[in-house]
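Spelled out from the first residue to the last, the chains are:
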Amino acid sequence: MSRITMSQLGRHGQWGNQVFQYAFIRTYARRHKADYGVPPWAGQYLFGHCDPPVEPALPTLVEPLEPAQPEPLVGVPIPPTGSEYLNRDFRGWGQYHTSWYASDKDFIQSLFRVVEPERQRVQAAMVQLRQRGETIISLHFRRGDSGRMIFFFTPMVWGLKWLRENWKRFYKPGLFIATEDPSLVKHFYAYSPILAEDLGVTIAVTTPQHYRYPYGRPVSSRQLDFFPDWYILQNSDVILASDSTFSVSAGWTSETIKEFWRPR
């Protein structure tokens, strides 16, 4: 039987990238009625997947890119048109225009539903958050390893401007902020912002099982224990994203999001 693998899953990009890559592998295999294989990755712990291994090794096929302007350091991934990835080891991002994925929306969302033991921790926080607001508006400010190359810091003033112009559109809104830098929260005091810690979440000093940062650089505890922020983003009503696949992947897999705003 034909198969597709990704031996670099978990090593080619961080959490948001891994969400897209896993969704691509599963979607492509499903459409072509093929087997798939991936190495151990955090989604097996967080979402309960029992994935087949990558063995035997397959020839690598690197995802082709279109040149992106004015950003010459990256490219726009070209989606597959047929069976070119069958019996190959995929190397790429899988971040295609969402129209490519649209027919498998329900299947993709089903891949990213949290299971025990993590579910109890993050769902309890979400229940508390829902008690504080009928409409959950979540801001993501990527800091940490961002702010380099093409990956810009999303200015806080953009979030403040959006809130001033849109806050009253929503019924009993509550503001959640996901960030590696909790000191940013003070700038949003007028909206009574909430962090994961305010919902009873203890930020751990370890990553989820099978997760490691692929580039080996030092990280903070909030970068290590990233999943509570991602889960709350995923289960919000409105997301104001950063220039980051972290918040984009949360919105993309969400079953509750009504509005998604992305900086540019």
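In what follows, the structure referred to is the one given above.
Parameters at a glance
Residues numbered from 1 in each chain as written. Predicted model: local features only at pLDDT ≥ 70, side-chain atom pairs only at ≥ 80, totals over all residues. Heavy atoms only, no water. Helix = DSSP H or I, 4+ residues; strand = E, 2+ residues; numbered from the N terminus. Rg over C-alpha atoms; globule rule 2.2 N^0.38 Å. Buried < 20%, exposed > 50% of the residue type's maximum accessible area, 1.4 Å probe, protein only. Contact = heavy atoms within 4.5 Å. Areas by Shrake-Rupley, 256 points an atom, 1.4 Å probe, with all protein chains shown as cover. Lys, Arg positive; Asp, Glu negative; His and termini not counted. Charge placed at Lys NZ, Arg CZ, Asp CG, Glu CD. Salt bridge = Lys/Arg side-chain N within 4 Å of Asp/Glu carboxyl O. Core = buried A, V, L, I, M, F, W, Y, C linked by side-chain atoms within 4.5 Å. Axes fitted to C-alpha atoms, helices over the stretch in contact; angles between N-to-C directions. Parallel < 35°, antiparallel > 145°, perpendicular 65-115°, else oblique. Left-handed = near helix turned anticlockwise from the far one by under 90°. Pairing = 2+ DSSP bridges. Expected span 1.5 Å × (residues − 1). Arc of directions from axis to C-beta. Phe/Tyr/Trp six-rings, centres within 6.5 Å; stacked < 30°, edge-to-face > 60°.

## Considering the overall build of the chain
Right, on to step 1. From N to C terminus, the chain includes nine helices and 10 strands.
Right, on to step 2. Here the C-alpha atoms of the chain give a radius of gyration of 19 Å, agreeing with the 18 Å that 2.2 N^0.38 yields for 264 residues.
Right, on to step 3. Of all 264 residues assigned to the chain, the portion counted as buried reaches 53%.
Right, on to step 4. Long-range pairs, those at least 24 residues apart, make up 67% of the contacts in the chain between residues at least 6 apart in sequence.
Right, on to step 5. Total accessible area on the chain stands at roughly 12800 Å², and carbon and sulfur atoms take up 54% of it.
Right, on to step 6. In the chain, which carries 29 positive and 25 negative side-chain charges, the distance between the mean positions of the two groups comes to 2 Å.

## What about the pattern of salt bridges?
Right, on to step 1. Tallied over the entire structure, the rule returns 13 salt bridges.
Right, on to step 2. Between Arg 31 and Asp 104 there is a salt bridge, with its nearest N and O atoms 2.7 Å apart. Of this pair, Arg 31 sits in helix 1 (residues 15–31) while Asp 104 sits in the loop between helix 3 (98–101) and helix 4 (105–110), and the two are 73 residues apart along the sequence.
Right, on to step 3. Residues participating in the shared-partner salt-bridge network are Arg 30, Arg 31 and Asp 104.

## Side note on the environment of Glu 55
Right, on to step 1. Within the fold, Glu 55 resides in the loop between helix 2 (42–46) and strand 3 (60–62).
Right, on to step 2. When the C-alpha positions of Glu 55 and Thr 5 are compared, they lie 8.6 Å apart, and in sequence the two are 50 residues distant.

## Some remarks on the nonpolar core
Right, on to step 1. Counting 57 residues, the largest nonpolar core has Ile 4, Trp 15, Phe 24, Phe 112, Phe 227 and Trp 230 as the members making the most contacts within it.
Right, on to step 2. Put simply, the parts of the chain that give this core at least two residues each are helix 1, helix 2, helix 3, helix 4, helix 5 (118–132), strand 8 (173–179), helix 8 (227–234) and helix 9 (245–252).
Right, on to step 3. Here the element with the most residues in this core is helix 1; it accounts for nine residues.
Right, on to step 4. If we skip the residues at most four places from it in the chain, Phe 24 touches Ile 4, Pro 80, Tyr 85, Phe 90, Gly 94, Tyr 96, Trp 100 and Tyr 101.
Right, on to step 5. Core analysis: the second largest hydrophobic core is formed by 17 residues, Ile 137, Leu 139, Trp 162 and Leu 240 among them.

## Here we look at the packing of helix 5 against helix 8
Right, on to step 1. At their nearest, the axes of helix 5 and helix 8 sit 10 Å apart, and the two run at 50° to each other. Here helix 5 is positioned oblique relative to helix 8, judged by the angle of their axes. Considering the relative orientation of helix 5 and helix 8, their crossing is right-handed. Where helix 5 approaches helix 8, its residues Glu 118, Arg 121, Val 122, Gln 123, Ala 125, Met 126 and Leu 129 are matched on the opposing element by Phe 227, Pro 228, Tyr 231 and Ile 232.

## So, the sheet that holds strand 7 (residues 135–141)
Within a beta sheet, neighbouring strands are joined by backbone hydrogen bonds and run either parallel or antiparallel to one another.
Right, on to step 1. If you walk across this open sheet you meet the four strands as 8-7-9-10, and the pairing is parallel. Across the chains shown, the open sheet's two edge strands, defined by having one partner strand only, are strand 8 and strand 10 (259–261). Within this sheet the neighbouring strands show an average axis-to-axis angle of 15°, counted without direction.
Right, on to step 2. The pairing of strand 7 with strand 9 (residues 238–240) spans three bridges and is classified as parallel. The partner of Ile 137 across the bridge, within strand 9, is Val 238.
Right, on to step 3. This element, helix 6 (residues 156–166), spans strand 7, strand 8, strand 9 and strand 10 of the sheet and lies at about 165° to strand 7.

## Some thoughts on helix 1
Right, on to step 1. With 17 residues, helix 1 extends 24 Å from end C-alpha to end C-alpha; this agrees with the ideal 24 Å at 1.5 Å per step.
Right, on to step 2. With 15 of its 17 residues buried, helix 1 lies for the most part within the structure.
Right, on to step 3. Once helix 1 finishes, Lys 33 follows within two positions and takes phi at roughly 50°, a positive value.

## A closer look at helix 6
Right, on to step 1. Every buried residue of helix 6 is listed here: Gly 159, Leu 160, Trp 162, Leu 163 and Asn 166. One face of helix 6 carries all of its buried residues, which in axial projection span an arc of 160°. What points out from helix 6, more than 90 degrees from its buried face, is the exposed set Val 157, Arg 164 and Glu 165.
Right, on to step 2. Contact partners of the buried residues in helix 6: strand 7, strand 8, strand 9 and strand 10.

## Here's the deal with the packing of aromatic side chains
Right, on to step 1. This structure, assessed with the given rule, holds 31 aromatic pairs.
Right, on to step 2. Seen from their ring centres, Tyr 22 and Trp 41 are 4.5 Å apart, and the 35° between their planes marks the pair as tilted. Pair noted here: Tyr 22 is in helix 1 and Trp 41 is in the loop between strand 2 (35–37) and helix 2, with a separation of 19 residues, a long-range link.
Right, on to step 3. The class of Tyr 22 is buried, set by a relative accessible area of 0%.
Right, on to step 4. Both rings, one in Phe 24 and one in Trp 100, keep their centres 5.7 Å apart while their planes meet at 40°; by these two values the pair is tilted.

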